[in-house]
Amino acid sequence: MSTKTRKIKTLIVDDEPLARRTIRDLLATDPEIEIIGECSSGLETIKFIRRQLPDLLFLDIQMPGMNGFETLAKIEHEQIPAIVFVTAFDSYALKAFELHALDYLLKPFTDKRFEEALRQAKTHVELKEINKLSQSLLALLGEQAGRETLGAKRKGFLTKFMIRSSGRVAFIKASDVDWISADDYYIKLHIADKSHLLRVSMNELEEKLDPKRFLRIHRSTIVNFDRVKELHQNPNGEYVVVLKNGTQLKLSRSRRERLEELIMNDYD
């Protein structure tokens, strides 16, 4: 197949609407790409691929219910397209992708990194290398299944954030973060009097953080429990979380019980 004779049929899979929109916007100006659909779940993806047979798939790994690996394992070998994984996995887990020469986008990714992954994917499609990549994919899925079996009781959580700025990369310990807020298509890490933006959704980040240390107290706010000083009730009946540095954050009613439970356990 040549990209000069027809466009590359592309499917975007992510359970987060904002994440899908980000990829869709980045693909919109490419004349060689035709976005034929978007899916938000593994089951929906399986049905779509069997029906539409896309050439290229942007696939999020961390989805509720059926994750990306489990989804691919249920697709017939000959129907697997070229794949660019979209993931928030740490650098150690990503070595598996590199070993099998499969491309991935590590969240948060830059526009330049996205362009590199897309260019590589288009080359695979044009040179008809899908079968070779599928063999690598099957090997990766086998390794992943083995890791999940051995590590089912040792779920790892995010311990560091990688911050890119002005051509430099800095690593920030998760334990150093005071609180996290949503900021349009980004999240903002608050550390003392500084803040850093990352392109990742709150839902995706919440899944990667240790729930014994980080708690989502509002749809747009996650706090480091170690930074919580007290709960305070305003005259209007609403509760706020007061951090040790004096920051006050709104606490949603539905999440107050979980925070109070953590506080009580901390005193046990």
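The preceding data block contains the structure.
A brief structural summary. (Residues numbered from 1 in each chain as written. Predicted model: local features only at pLDDT ≥ 70, side-chain atom pairs only at ≥ 80, totals over all residues. Heavy atoms only, no water.)

With respect to the helices and strands, the residue S181 is situated in strand β8 (residues 179-183). On the accessibility criterion, S181 (11% relative accessible area) is buried. Ignoring any residue separated from it by four or fewer positions in sequence, one finds S181 in contact with Y186, I187, K188, H190, M202 and S220. (Helix = DSSP H or I, 4+ residues; strand = E, 2+ residues; numbered from the N terminus. Buried < 20%, exposed > 50% of the residue type's maximum accessible area, 1.4 Å probe, protein only. Contact = heavy atoms within 4.5 Å.)

In this section: the sheet that holds strand β9 (residues 186-191). As summarised here, the arrangement of the five strands in space is β10-β9-β8-β12-β11, forming an open sheet in which the pairing is antiparallel. Because the sheet does not close on itself, it has two edges, and the strands there are β10 (194-198) and β11 (214-218). When strand polarity is set aside, the average angle formed by the axes of neighbouring strands in this sheet is 25°. Pairing geometry for β8 and β9, over five bridges, is antiparallel. If you follow A182 over to β9, its bridge partner there is I187. (Pairing = 2+ DSSP bridges. Axes fitted to C-alpha atoms, helices over the stretch in contact; angles between N-to-C directions.)

Turning next to unusual backbone geometry. The step from K107 to P108 runs through a cis peptide bond, and the omega angle for that step is -5°. Its location among the elements puts P108 in the loop between β5 (103-106) and α5 (111-126). Backbone geometry at L53 places phi at a positive 50°, although glycine is not the residue there. Among the structural elements, L53 can be located in the loop between α2 (42-52) and β3 (56-60).

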